[in-house]
Amino acid sequence: MVDGDVDPFGEGVPPESSGRNVGGESPEIDPESISDEATIHDDETELERTIGLTGGLAIGIGTMIGAGIFVFPGLAAGNAGPAAALSFAIGGVIALLVALPASELATAMPRSGGGSFFVSRSMGTAYGSVVGLGLWLGLIFASAFYLVGLGHYAAAVFAEVGLIFSVSPVVPLGLVFGVALTGLSIGGTENTAKIQNLVVGILLVILALFLSYGSLNALGVFGRETAPEAFFPKGVFSVFSTAALVFTSYLGFAQVATVAGDIQKPSRNLPLAMVGSVLVVAVFYIVTIFVATSAFGADRLSEFGETAMVEVAREFVGRPGAVAILLAGLLATFSSANASILSASRTVYALSRDALLPKKASEINLRYGTPHVALLAAGGPILLLVATGQVEVLAEVASFLHLIMYGLICVAVIALRRQDPPWYEPSYRMPVVPALPAVGAAASFGLVAFMRPASIGIGIGVMLISYLWYRYYAGTVTLKGAF
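Residues numbered from 1 in each chain as written. Predicted model: local features only at pLDDT ≥ 70, side-chain atom pairs only at ≥ 80, totals over all residues. Heavy atoms only, no water.

### Some words on the overall build of the chain
To keep things clear, this is the line we draw: Numbered from the N terminus, helices here are DSSP runs of H or I no shorter than four residues, and strands are runs of E no shorter than two. The contact definition used throughout considers only heavy atoms, calling two residues in contact when any of these lie within 4.5 Å. For the area figures, the Shrake-Rupley method with a 1.4 Å probe applies, and any residue is considered shielded solely by the protein chains shown.
A count of helical and extended segments in the chain gives 17 helices and three strands. Counting only contacts in the chain whose residues sit at least 6 apart along the sequence, the fraction spanning at least 24 positions is 81%. In the form shown here, the chain has an accessible surface area of approximately 17,400 Å², with 65% of it arising from carbon and sulfur atoms.

Quick look at the structure:
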């Protein structure tokens, strides 16, 4: 156990959360009322449940469909060639291995905060603090990555209509969208969810049509034949290093758990949204890489960078195809950034209620019913990272921090099943425990080894800072084992 923690299932655990942080604040007690419509706390604040199954799927799919299809194909093909399709498949398998235990934990603890809440209640406050603060910062890195991608697509739209700027507009556009999306989330999650549903619906229609045409073309049903290409031109190791890079594409299912406090009928909708979103996007990713590398070949595709899919569409159907994919890319990166900012704010909200961050961060806006301070705490750092414009580093650091959390989520299910505390009553139980979550933990931690040293170093630095913050600010706080 980490120093300062108390075994959440031990004899000496108090019936309620205990301890105070340096500001004299204690963890909030559990909600007085939890229904399918709202979570109501004893201070009469209410976090409304406004997101249904469609909204949950839209958050998961909308977050994941963006980077994997519209930002990564050129980068991934340059790293692994056609075998990048296998990289996306590996990422999808790992995501499924984690989605199952995350679904079980989420139905037992349907609260905002996701992984940090699960880990703190099963493994102790120190672990929960490191995961929670790491998740917050990981979502900030991911949001910044998506906003930079959004800037690339917006800049490509300007280029398509003939507007040329003396300096690159990518970062300024990303900053503008970041401010706008943060303001949108402050205005209410119901508004955010409606926009997310609409965006994802349009996006899936465009992609289904484009990928169907591209697949038939690649298979030789019509169109020109493509020259065969070596599947592993960069070796097998490149497949795993590329899987580590593109794993950011699979963060969306965990973001569904992060907004569990907003999900209606969580015992049913949480597992369906998490597992369903992974299955849908994994198919889209694999088909996308197959179509893209068939159109140009991996080396040529990599030359197009973050907007490679625009050139693939142009190759197939000319300018109308390029315009359609530009629109889809804008929608996809928009939805990814939108969902990530929302999830980052809910992580701050949950950490604040656990006294791991100042209580001010969990204030609810009485007009909109949203944690406006938490949203600002997410939006501000995101803008700083967007200004760097470093796409691949932002993606890998986000992947690193999430993979650590995913591994611990798998461990948490094993621990809770073994201890079987009376409060742990999930409405969904994953199969083949402990073997399946053990494989999920090993795969999550193992993928980290294939990342570049700089990304691993930044990720470890974030974890260390998170632990030092816990020791300084909330070292005496003990979150209760009962739930």
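### With respect to a nonpolar patch on the surface
Quick reminder of the rule: Nonpolar side chains (Val, Leu, Ile, Met, Phe, Trp, Tyr) within 5 Å and like charges within 9 Å form the patches, drawn only from residues with over 30% relative accessible area and no salt bridge. Think of a salt bridge as a Lys or Arg side-chain nitrogen and an Asp or Glu carboxyl oxygen that are within 4 Å of each other. Burial classes follow relative accessibility: with a 1.4 Å probe on protein chains only, a residue under 20% of its type's maximum area counts as buried, one over 50% as exposed, and anything between as partly exposed.
Together, Leu86, Phe231, Phe232, Val236 and Phe240 give the surface a local cluster of nonpolar side chains, amounting to about 420 Å² of exposed area. Take Phe240: it is sitting in helix 8 (residues 237–246). Using a relative accessible area of 31% as the deciding quantity, one classes Phe240 as partly exposed.

### Concerning helix 4 (residues 115–123)
Taking burial as the measure, the nine residues of helix 4 include nine buried ones, the bulk of the element. Along helix 4, the residues that are buried comprise Gly115, Ser116, Phe117, Phe118, Val119, Ser120, Arg121, Ser122 and Met123. Among the residues trailing helix 4, Gly124 stands out with phi positive, at a value near 115°.

### Quick notes on the nonpolar core
Condition: What we call a nonpolar core is a set of buried Ala, Val, Leu, Ile, Met, Phe, Trp, Tyr and Cys residues that are connected through their side-chain atoms within 4.5 Å.
Among the nonpolar cores identified, the biggest contains 155 residues, and Ile65, Phe70, Leu105, Tyr250, Phe253, Val312 and Tyr406 are the most heavily contacted of them. No other element matches helix 5 (residues 125–160), which puts 19 residues into this core. If we skip the residues at most four places from it in the chain, Phe253 touches Gly60, Met64, Ala95, Val98, Ala99, Met274, Ser277, Val278 and Tyr406.

### Overview of empty space enclosed by the protein
As a reminder of what qualifies: Any residue with an atom within 4 Å of a point lines the site, the site being either a cavity, points on a 1 Å grid over the protein atoms alone where a 1.4 Å probe fits but cannot get out, or a pocket, an open set with protein on both sides within 12 Å along at least 5 of 7 lines. Grid points are joined across faces, edges and corners, and a volume is the space filled by probe spheres set on the points. Each residue is assigned to one class: nonpolar for Ala, Val, Leu, Ile, Met, Phe, Trp, Tyr, Cys and Pro, charged for Asp, Glu, Lys and Arg, and polar for all the others, Gly among them.
Per the stated rule, a full pass over the model turns up three cavities of 30 Å³ or more. Put simply, the second largest cavity is a space of about 50 Å³. What lines the second largest cavity is simply Val130, Val131, Gly134, Leu135, Leu401, Ile404, Met405 and Met463. Put simply, the parts of the chain that give the lining of the second largest cavity at least two residues each are helix 5 and helix 15 (391–419). When residues of the lining of the second largest cavity are assigned to their parent elements, the largest contribution, four residues, is made by helix 5. Of the residues that constitute the lining of the second largest cavity, the class distribution is seven nonpolar, one polar and no charged.

### A few points about the side chain of Glu104
Threshold: Polar contact criterion, stated in full: a pair of N or O atoms within 3.5 Å, where within protein one must be able to donate a hydrogen and the other to accept it, and residues adjacent in sequence count only if both atoms are side-chain atoms.
Residue placement: Glu104 occurs in helix 3 (residues 84–108). A distance of 2.6 Å separates the side chain of Glu104 from the side chain of Tyr424, its partner in a polar contact. Apart from the residues lying within four places of it in its own chain, the contact partners of Glu104 are Val413, Arg417, Tyr424, Pro426, Tyr428, Arg429 and Met430.

### Concerning the environment of Ser168
Considering the arrangement of structural elements, one finds Ser168 in the loop between helix 5 and helix 6 (170–186). Placed 13 residues apart in sequence, Ser168 and Ala155 show a C-alpha to C-alpha distance of 7.9 Å. Within the local environment of Ser168, its side chain forms a polar contact with the backbone nitrogen of Val170, the two atoms lying 3.4 Å apart.

### Describing the environment of Gln264
Residue position: Gln264 is located in the loop between helix 9 (252–258) and helix 10 (266–296). Judged by its relative accessible area of 30%, Gln264 falls in the partly exposed class. Sequence separation between Gln264 and Gly55 is 209 residues, and the spatial gap between their C-alpha atoms is 9.6 Å.

### Some words on unusual backbone geometry
Backbone torsion omega between Val433 and Pro434 reads 10°, so that peptide bond is classified as cis. Its place among the elements puts Pro434 in the loop between helix 15 and helix 16 (435–448). In this structure, Asp420 takes a positive phi of about 50° despite not being glycine. Looking at the secondary structure, you find Asp420 in the loop between helix 15 and helix 16. One non-glycine residue, Val432, adopts positive backbone phi at about 55°. With respect to the helices, strands and loops of the structure, Val432 is situated in the loop between helix 15 and helix 16. Looking at Val432, the relative accessible area reads 54%, which means it is exposed.

### Some remarks on the packing of aromatic side chains
Definition in use: Under the pairing criterion, centres of Phe, Tyr and Trp rings, with the six-membered ring standing for Trp, must be within 6.5 Å; the plane angle then separates stacked pairs below 30 degrees from edge-to-face pairs above 60, leaving the rest tilted. In this scheme, Lys NZ or Arg CZ marks a charge over a ring once it lies within 6 Å of the ring centre and within 35 degrees of the ring normal.
For the coordinates displayed, the defined rule picks out 19 aromatic pairs. Between Phe240 and Phe450 the ring centres are 5.2 Å apart and the planes differ by 25°, which places this aromatic pair in the stacked class. On the criterion of sequence distance, the pair formed by Phe240 in helix 8 and Phe450 in the loop between helix 16 and helix 17 (453–474) is long-range, its members being 210 residues apart. Among the aromatic residues, those joined into a ring-pair cluster are Phe88, Phe247, Tyr250, Phe253, Tyr285 and Tyr406. Looking at Arg121, its charged tip hangs above the ring of Phe117, at a distance of 3.9 Å from the centre.

### A closer look at the pattern of salt bridges
Counted by the stated rule, this structure contains seven salt bridges. The salt bridge partner of Arg417 is Glu104, with a shortest N-O separation of 2.9 Å. Taken together, the residues span a long stretch of sequence, with Arg417 in helix 15 and Glu104 in helix 3 at a distance of 313 residues. For Glu396, the salt bridge identified is with Arg452, shortest N-O distance 3.2 Å. Of this pair, Glu396 sits in helix 15 while Arg452 sits in the loop between helix 16 and helix 17, placing them 56 residues apart in sequence. Overall, the relative accessible area of 3% leaves Glu396 in the buried class. Look at the salt bridges and you will find they share partners, linking Glu160, Glu311, Arg314 and Arg319 into a network.

### What about the confidence of the model for the chain?
Stated precisely, the cut-off is as follows: A score between 0 and 100, pLDDT records how confident the predictor is in each residue.
Overall, the prediction assigns the chain a mean pLDDT of 81, with 86% of residues at 70 or greater. At the level of individual helices and strands, the chain shows its lowest average pLDDT in strand 1 (residues 33–34), which scores 47, and its highest in helix 16, which scores 96. This stretch, residues 1–16, has a pLDDT under 50; its non-local contacts, to residues over four places away or in other chains, come to 40 contacts. Of the regions scoring below 50 in pLDDT, residues 40–46 engages in 19 contacts with residues more than four places distant in sequence or in other chains.

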